[in-house]
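Descriptive structure summary
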Amino acid sequence: MLAARWYGRKDIRVVEVPVPTDPPPGWLIARVDACGLCGTDIEEYLHGPLLTPVDQPFPLTGAIAPLTLGHELVGTVTEVVGDGVKLRPGTRVAIEGNLFCGECEWCKAGRHNICPFSGQLGQRTDGGLAQFVAAPEYCCIPYADELPVEQAALAEPLSVAVRAVRRGGIGLGSRVGVVGGGTIGLLTAQVARIAGADTVLLVEPHPGRRALASSFGAAVAVTPDEAEAAAGPATGGHGLDVVLDCAGARAATPLAIRLTRRGGRTVLVAIYPGDLTFDPLDFLGSEKELVASMSHSYTSDYPDAVRLLETGRVDVRPLITDRVALPDVVKAGFEALVAEPQNHLKVVVDPRQPDA
């Protein structure tokens, strides 16, 4: 089968590899129907190894580079299944992909997403930028036949937004700010409205993405330079109760903290390396909260994301800007996103092409 594998920084190759066989107990094999490219995939391409194990096999999975990228995936269960698997061949599944030890105190408390030994398909073992994938059954959620595979592939980023809104405590009447109008930010704006937010203000430099946010129900969409002046009028002078940093840029987090009203909550959603700098005196004097939202939970966030897609309550169609075949993923996916990031939002890869 074909697979897009990470060999090194700026070195991703689409190569022939064996179809996975003999999965561990509780795992299954699925044909990959669609897989989205994520910002973490681009970071791994440009700056890796960040998550890819290179010096020694990853303890939880035994995987080591080169490995197949891709963690935003959906597939169809094939005839090859591991012992104890209940899902039957032919079942279409959205695959959450988070792996965990199951033995630490966080796993036992149901907080598998912060297991210190955790990994993910496409990061710590082979993922979905391939024609077939092995995955644990627990993270495979059947979804409705009516939902197109390219939309179902956005269940993973949508589940990140679902968790972020939960971590923010957003509910009926909340005034919410979202910094960053990429895929995660635009999904978070939609989920915040569904959760009952009265006002959503989105901060994004790109005009096209601001327009998308407005179509998704954001009351105000402004540039970073306009954000602080806009927060008061947008909320009738109340201020933003919760501000979610979905930008993945160093300047975004201090802005998100400044936008948060006194006694409010800032949620860190985006991932980027380096230090965070903000005014601790202002933070303390305002008694603000700073919380993190890490990935998603396979028991709640991910199934809820699948249901939001099935029911059409979240619309992901305008976010899908590119559809590419697996052999073209380096040039039409990774290189295109690096060269012209503002012209692409979500790239969805169809590993079935040209055989689909």
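Since this is a predicted model, take the numbers as computed values, not measurements.

Thresholds applied
- Residues numbered from 1 in each chain as written.
- Predicted model: local features only at pLDDT ≥ 70, side-chain atom pairs only at ≥ 80, totals over all residues.
- Heavy atoms only, no water.
- Helix = DSSP H or I, 4+ residues; strand = E, 2+ residues; numbered from the N terminus.
- Rg over C-alpha atoms; globule rule 2.2 N^0.38 Å.
- Buried < 20%, exposed > 50% of the residue type's maximum accessible area, 1.4 Å probe, protein only.
- Contact = heavy atoms within 4.5 Å.
- Areas by Shrake-Rupley, 256 points an atom, 1.4 Å probe, with all protein chains shown as cover.
- Lys, Arg positive; Asp, Glu negative; His and termini not counted.
- Charge placed at Lys NZ, Arg CZ, Asp CG, Glu CD.
- Phe/Tyr/Trp six-rings, centres within 6.5 Å; stacked < 30°, edge-to-face > 60°.
- Core = buried A, V, L, I, M, F, W, Y, C linked by side-chain atoms within 4.5 Å.
- Pairing = 2+ DSSP bridges.
- Axes fitted to C-alpha atoms, helices over the stretch in contact; angles between N-to-C directions.
- 1 Å grid on protein atoms, 1.4 Å probe; cavity = no way out; pocket = protein on both sides within 12 Å on 5 of 7 lines; lining within 4 Å.
- Points joined across faces, edges and corners; volume = space filled by probe spheres on them.
- UniProt positions renumbered as here; feature names shortened; annotations may be inferred.

**Focus on the overall build of the protein chain**
If you tally the helices and strands in the protein chain, you get eleven helices and 18 strands. Taken over the C-alpha trace, the protein chain has a radius of gyration of 20 Å; the compact-globule value for 356 residues is 21 Å, and the two agree within 12%. In the protein chain, buried positions account for 54% of the 356 residues. Within the protein chain, contacts between residues separated by at least 24 positions form 71% of all contacts whose residues are at least 6 apart in sequence. Split by element, the accessible area of the protein chain, about 15100 Å² in all, is 52% carbon and sulfur. For the protein chain, the distance from the average site of its 31 positive side-chain charges to the average site of its 42 negative ones is 4 Å.

**Examining the packing of aromatic side chains**
Taken as a whole and assessed by the stated rule, the structure comprises five aromatic pairs. Taken together, a centroid distance of 5.4 Å and an interplanar angle of 50° make the contact between Tyr45 and Phe334 tilted. Taken together, the residues span a long stretch of sequence, with Tyr45 in helix H1 (residues 39-47) and Phe334 in helix H11 (residues 329-339) at a distance of 289 residues. For the residue pair Tyr45 and Phe334, the accessibility class agrees, reading buried in each case. Relative to Tyr138, the ring of Phe100 lies with its centre 5.1 Å away and its plane at 45°, an arrangement referred to as tilted. Of this pair, Phe100 sits in the loop between strand S7 (98-99) and helix H2 (105-108) while Tyr138 sits in the loop between strand S9 (132-136) and strand S10 (140-142), and the two are 38 residues apart along the sequence.

**Re the environment of Gly217**
Positionally, Gly217 belongs in the loop between helix H6 (207-215) and strand S13 (220-222). Classification of Gly217 as partly exposed rests on a relative accessible area of 26%. Distance in space between the C-alpha atoms of Gly217 and Ala189 is 7.6 Å, their sequence separation being 28 residues.

**As for the nonpolar core**
Counting residues in hydrophobic clusters, the biggest one holds 49 residues, and the most contacted among them are Leu158 and Leu244. When residues of this core are traced back to their parent elements, those giving at least two are helix H3 (149-152), helix H4 (155-168), strand S11 (175-179), helix H5 (183-194), strand S12 (199-203), H6, strand S14 (240-245) and helix H10 (301-311). Among the elements that make up this core, the one with the highest residue count is H4 (seven residues). In this structure Leu244 touches Ala164, Val165, Ile170, Val176, Gly177, Val178, Val179, Thr188, Val267 and Val269, once residues within four positions along its chain are discounted. Core analysis: the next-biggest nonpolar cluster, separate from the first, contains 33 residues, Val77, Leu87, Ala135 and Val324 among them.

**Digging into the sheet that holds S13**
Spatial ordering of the open sheet is given by S13-S12-S11-S14-S15-S16, a layout of six strands whose pairing is parallel. In this open sheet, the two strands that pair with only one neighbour each are S13 and strand S16 (289-292). Within this sheet the neighbouring strands show an average axis-to-axis angle of 20°, counted without direction. Both strand S15 (residues 260-268) and S16 contribute to a ladder of four bridges, which runs parallel. Following the sheet pairing, Leu268 is matched in S16 by Ala292.

**Side note on the layout of surface pockets**
Considered as a void within the structure, the second largest pocket measures approximately 510 Å³ in volume. In this structure, the second largest pocket is lined by 27 residues; those nearest its centre are Trp27, Leu121, Thr125, Asp126 and Ala134. Put simply, the parts of the chain that give the lining of the second largest pocket at least two residues each are strand S4 (67-68) and S9. For the lining of the second largest pocket, the element with the most residues is S9, which contributes four residues.

**Re the UniProt feature "domain: Enoyl reductase (ER)" (unreviewed entry) in the protein chain**
The UniProt record marks residues 8-349 with the feature "domain: Enoyl reductase (ER)" (unreviewed entry), using the residue numbering of this structure. For the annotated span residues 8-349, helix accounts for 29% and strand for 25% of the residues, and the straight-line distance between the end C-alpha atoms is 21 Å.

**Things to note about the sheet that holds strand S2 (residues 11-16)**
One open sheet holds the three strands; their spatial order is S2-S1-S4, and the pairing between them is antiparallel. In this open sheet, the two strands that pair with only one neighbour each are S2 and S4. By the bridge criterion, six bridges tie strand S1 (residues 2-8) to S2 in an arrangement that is antiparallel. Within S2, the position partnered with Ala3 by the bridge is Val15.

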